[in-house]
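# Per-entry structural report
Chain by chain, the residues:
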Protein chains: 2
Amino acid sequence: MVTDNKRAPWINWVLFFGTMLIVFLLGLLASSITQRKAESEYVYKPKVSLSEYEPRNVLWGENFPREYQSYLQTADTSFRSKYNGSAMIDELKEDPRLVILWAGYAFSKDYSSSRGHYYAIHDIRYTLRTGTPQGPNDGPQPATCWTCKGPDVPRLMEKMGVKDFYNGKWAARGSEVVNYIGCADCHDPKTMDLRITRPALIEAFQSMGKDISKASHQEMRSLVCAQCHVEYYFNKHRPDAPDVSYLTFPWKYGTTVEDALKYYEEEKYSDFTHQMSKTPLLKAQHPDYELFLTGIHADRGVACADCHMPYIKEGGQKFTSHKITSPLSNISGTCQVCHRESEEVLRENVYERQEKVKEIRDKAEIELVKAHSEAKVAWEAGASEKEMEPALHHIRVAQWYWDYIGASHGASFHSPIEVSRIIGNSIIESEEARIILARVLAGKGKNTELLYPDIVSKEKAQKNIGLSMDQLQKEKKEWIKAILPEWDKQAWDREEKMVPQLPKD
Amino acid sequence: MVTDNKRAPWINWVLFFGTMLIVFLLGLLASSITQRKAESEYVYKPKVSLSEYEPRNVLWGENFPREYQSYLQTADTSFRSKYNGSAMIDELKEDPRLVILWAGYAFSKDYSSSRGHYYAIHDIRYTLRTGTPQGPNDGPQPATCWTCKGPDVPRLMEKMGVKDFYNGKWAARGSEVVNYIGCADCHDPKTMDLRITRPALIEAFQSMGKDISKASHQEMRSLVCAQCHVEYYFNKHRPDAPDVSYLTFPWKYGTTVEDALKYYEEEKYSDFTHQMSKTPLLKAQHPDYELFLTGIHADRGVACADCHMPYIKEGGQKFTSHKITSPLSNISGTCQVCHRESEEVLRENVYERQEKVKEIRDKAEIELVKAHSEAKVAWEAGASEKEMEPALHHIRVAQWYWDYIGASHGASFHSPIEVSRIIGNSIIESEEARIILARVLAGKGKNTELLYPDIVSKEKAQKNIGLSMDQLQKEKKEWIKAILPEWDKQAWDREEKMVPQLPKD
């Protein structure tokens, strides 16, 4: 300051105009910030007030248009990778061995790979596995089968009570569960916080002595998926709900494949008895979350949503994509957030893992097909239950290990080392079964290599196990024509025409 | 400049002293740089002139004292990890099944895990596998067995020619190969560039139609290791070297386990005939480089030296540690160069891979032991060669796959998915063998589960296959006392007392 009056007058002008310029630029910046803020306030200003279990996704979409728009894109089945894609693949056609492995169970009739959440309601209606129930108390499947299909489920559970929701037949909820997997399944409508709406997961945590309400936000970004993407079964022997197909995860001893087996053995549980080998078998569901937990991405704190629901941008707005799909369809937005390799390299890294796992999984499958076939011939040759029991137990364990891998989504990428370990164990168990069977067969005068059933195609395999597919398909077609419009009409009226229009074939 | 004469005089003084201070600090910096440079010039100023294949590591140490000092530390056996360490472990004692699997081959007498390069000469002299040759033309092993043991080998190859080096018995080079694995094995003494001194690797590249001289520096940081850490065999049918045990890598069709098998099948090669099952078997060596190539670290361009020879610092000097050892002994200097997780997490990540692979590898081993035992009983029961041939072929393949994994160093970490795939295939092959054998046995009236040999300890297993271990050990002890001092004296005189002093037991 002491030198101020010695300064040349033009310097004061420079300072003056310089200050003016800086103030002007600050003004521009403030305006830009305000604009962005206004934009986000506009987007997130609730237009509609939502009830606790509002099942109509379109109403949530009023408040959250970007998330909703991306969510609608789960209808897009155009993505193809080497082994997966977003389209439905007829797995029985791809791999007719499956028909034999599930002989005596509904999966041998119809089993396709999953596609986007958009098809959740459509595909459970159209699959041969749900049969052709002629009334609300008819059909092969229990009401529990709806549990993962959409936000009508928490709505109904709230209204009816959990036990009553699980009680009865699948057809009884046909007109009620009509909104496919959506907003209310995972979000609180007031805070938009993630929430668990399915009691089975909460109870599974309790069975392990854990409290799911203590989960962190990052954990919740996987746990909302774990409501459905897990191994489960229907427990019909709960003292508080006898004869009810009560949805239960076999997690009492933990979440590994051995933990679940230990639980099922203790419960003396089996899903079906194999038509050929008479083995009491477990059908694995999709233990995606459990296998994910054993892999490196879970170890590094990555959540399902990090890769399957990446952040995307529209204009100035960053939001979570609700087009839940394969990360390979958007490598730059998923893998490359952490990994610096090229898309091509990362894609090949995934394929290589899948390929190596598939190689030994396929071989494990072939051994299992042989084991079932050999057991069938042994029974026919007059083997006793006592002779067969040790072999059947090995088959049961071998098939459990194999199916746990086969039924899971993405496990050969999520956790290829654990998956390979499990397949190795499956092969060991098949081997033990087949050696016992070779001895039993030799004892019955059948000491040569067997001719295995002709299963070069899905059709031949299904014929081999005595399925009349034409008849089943005809009946289903008629049922679709007769029953579905009824269900849809009831839903249409109840939900003020705000139910989704699903594909008609 | 126009305002200079208007400035207060004290400002000029501030500028003057400020400039003085900056110039002074610059001077300090320049001095520091010069000092550092001088230091490194001092370190790398050659004190000794080295010949092309100078085998005496201590002479190289005159020129490169830091590298040499770290190299000497390969004598340190104190590091322990969960499954490995730098000390030698008696693997037959740890896992007596190995005695059965190698029955009829020298490995059933003595097989220990490898330890530091420092012990290369000592351990090949002391192992029972090299026997007790009484003269230069006596003993079970060929001269070729020395090929990986140290820099005397390129010296001798230069002097004798490669074919003549491989020709003759192991004992014939006992006084010649006395310097353990060292400088000249991998370095050019003029430029210190990495170089390949072993013709087998150069020829293996040629057999694949590749030119190893085109390898990059980063590739060379693995290839110098691949001179020895590979699968190999002794080809005795080279037209240009008949009856010579010519060191050859089975890489003609590539470097996978299947590529090598294809090569050996084509060559109708086997290392030994199994004492119990009479199977013509392959003994895998240590396909470390080949399996490493199939893993993620190789995929990411990491070289052996990056993890096994990390950069370390002494004072102002950064240099490559030549204490070649497990990266787990220095996680902060190895893994953490790329990975940001804690040492504890990274260590557990390694152990988890090793544990899962070990689980199914152990089971594969058990199946193989059973297969050999069942084949023995089948022969005894009068099975014909025609009946046995298909089973023996499956055993051959199963054991090849299993041994390829078991013999490799670090593969369950380097490439756990490939390793699991190979073990899965081993189990499949054992399974096929055992089912055929069950049928053959049943045909000979032996249709019950067999009693397998008692192999709860190394001693029992060795007794089972008829080895007189006390006698073998006694003979070796006497041989060590009688022969080794002779070899050492000849070397001592030839090399002007500059041969390493190795442990005496």
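Secondary structure summary: chain A contains 21 helices and six strands in total. Over its C-alpha atoms, taken along the principal directions, chain A stretches across nearly 120 × 50 × 45 Å. Relative to all contacts within chain A whose residues are 6 or more apart in sequence, the contacts with residues 24 or more apart total 71%. As presented, chain A carries roughly 24,200 Å² of accessible surface, and 55% of it is formed by carbon and sulfur atoms. Positive and negative side-chain charges of chain A, numbering 66 and 71 respectively, have mean locations separated by a distance of 2 Å.

All names here are of chain B. Considering the arrangement of structural elements, one finds Asp362 in helix α16 (residues 343-380). Since its relative accessible area comes to 16%, Asp362 is described here as buried. Within the structure, the side chain of Asp362 is placed 3.5 Å from the side chain of Arg97, a separation counted as a polar contact.

The next point concerns the relation of the copies chain B and chain A. The two copies are related by a screw motion: chain B maps onto chain A through a turn of 180° and a shift of 0.1 Å along the axis, at an RMSD of 0.2 Å. Expressed as a symmetry operation, the mapping of one chain copy onto the other fits a two-fold axis.

Taken as a whole, helix α11 (residues 217-226) of chain B has its buried residues at Met220, Arg221, Ser222, Leu223, Val224 and Ala226 of chain B. Along its buried surface, α11 of chain B packs onto α9 (183-186), α10 (199-207), α13 (288-293), α15 (304-308) and β5 (311-314) of chain B.

Further remarks concern a nonpolar patch on the surface. Together, Trp13, Phe16, Phe17 and Met20 of chain A make up an exposed nonpolar region whose accessible area comes to about 480 Å². Structurally, the position occupied by Phe17 of chain A is in helix α1 (residues 9-44).

It is worth spelling out unusual backbone geometry at this point. Despite not being glycine, Met192 of chain A shows a phi value in the positive range, around 60°. Here Met192 of chain A is to be found in the loop between α9 (183-186) and α10 (199-207). Even without glycine at this site, Lys497 of chain B takes up a positive phi of about 65°. Its location among the elements puts Lys497 of chain B in the segment after α21 (469-494). Assessed through its relative accessible area of 57%, Lys497 of chain B is described here as exposed.

Residues and elements named next belong to chain A. With the rule as written, the count across this model stands at 62 aromatic pairs over all chains. Ring geometry for Trp13 and Phe16: centres 6.0 Å apart, planes at 90°, overall edge-to-face. Here Phe16 and Trp13 lie together in helix α1, a separation of three residues that amounts to about one turn. We classify Trp13 as exposed; its relative accessible area is 52%. Assessed through its relative accessible area of 40%, Phe16 is described here as partly exposed.

Attention now goes to the confidence of the model for chain A. Summary statistics for chain A give a mean pLDDT of 94 and a share of 96% for residues scoring 70 or more. Scored as a whole, the predicted complex attains pTM 0.90, and scored at its interfaces, ipTM 0.88.

Quick look at the pattern of salt bridges now. For the structure shown, the criterion picks out 98 salt bridges over all chains. One salt bridge in this structure joins Arg347 of chain B and Glu343 of chain B, with 3.7 Å as the shortest N-O distance. Note that Arg347 of chain B and Glu343 of chain B are positioned in helix α16 at a spacing of four residues, about one turn of the helix. Arg347 of chain B gets classed as partly exposed once you look at its relative accessible area, which sits at 22%. Beyond isolated ion pairs, a larger network of salt bridges with shared partners links Glu54, Arg56, Asp152, Arg155, Glu176, Arg494, Glu495 and Glu496 of chain A.

The next subject is the environment of Gly18 of chain B. Within the fold, Gly18 of chain B resides in helix α1 (residues 9-44). Along the primary structure Gly18 of chain B and Gln134 of chain B are separated by 116 residues, whereas in three dimensions their C-alpha atoms are 83 Å apart.

Looking now at helix α12 (residues 257-266) of chain A. All names here are of chain A. Residues of α12 that are buried: Val257, Asp259, Ala260, Leu261, Tyr263 and Tyr264. Contacts from the buried residues of α12 go to β1 (233-238), β2 (241-248), α17 (385-407) and α19 (416-443). Note on α12: the residue one or two positions beyond its end, Lys268, has a positive phi of about 50°.

This part covers the packing of α12 of chain A against α17 of chain A. All names here are of chain A. Running from N to C, α12 and α17 point in directions that differ by 135°, and their axes come no closer than 11 Å. Looking at the two axes, α12 sits oblique to α17. For α12 against α17, the interelement crossing comes out right-handed. Between α12 and α17, the residues in contact are Val257, Glu258, Ala260, Leu261, Tyr264 and Glu265 and His393, Arg396, Val397, Trp400, Tyr401 and Tyr404, respectively. Here the contact of α12 with α17 is built from residues that sort into eight nonpolar, one polar and three charged.

Calculation criteria
- Residues numbered from 1 in each chain as written.
- Chains lettered and ligands numbered in written order.
- Predicted model: local features only at pLDDT ≥ 70, side-chain atom pairs only at ≥ 80, totals over all residues.
- Heavy atoms only, no water.
- Helix = DSSP H or I, 4+ residues; strand = E, 2+ residues; numbered from the N terminus.
- Contact = heavy atoms within 4.5 Å.
- Areas by Shrake-Rupley, 256 points an atom, 1.4 Å probe, with all protein chains shown as cover.
- Lys, Arg positive; Asp, Glu negative; His and termini not counted.
- Charge placed at Lys NZ, Arg CZ, Asp CG, Glu CD.
- Buried < 20%, exposed > 50% of the residue type's maximum accessible area, 1.4 Å probe, protein only.
- Polar contact = N/O pair within 3.5 Å; in protein donor to acceptor, adjacent residues only side chain to side chain.
- Least-squares fit on C-alpha atoms with pLDDT ≥ 70 in both.
- Patch = residues over 30% accessible without salt bridge, like charges linked within 9 Å, V, L, I, M, F, W, Y side chains within 5 Å.
- Salt bridge = Lys/Arg side-chain N within 4 Å of Asp/Glu carboxyl O.
- Phe/Tyr/Trp six-rings, centres within 6.5 Å; stacked < 30°, edge-to-face > 60°.
- pLDDT = per-residue confidence, 0-100.
- Axes fitted to C-alpha atoms, helices over the stretch in contact; angles between N-to-C directions.
- Parallel < 35°, antiparallel > 145°, perpendicular 65-115°, else oblique.
- Left-handed = near helix turned anticlockwise from the far one by under 90°.
- Nonpolar A, V, L, I, M, F, W, Y, C, P; charged D, E, K, R; others polar.

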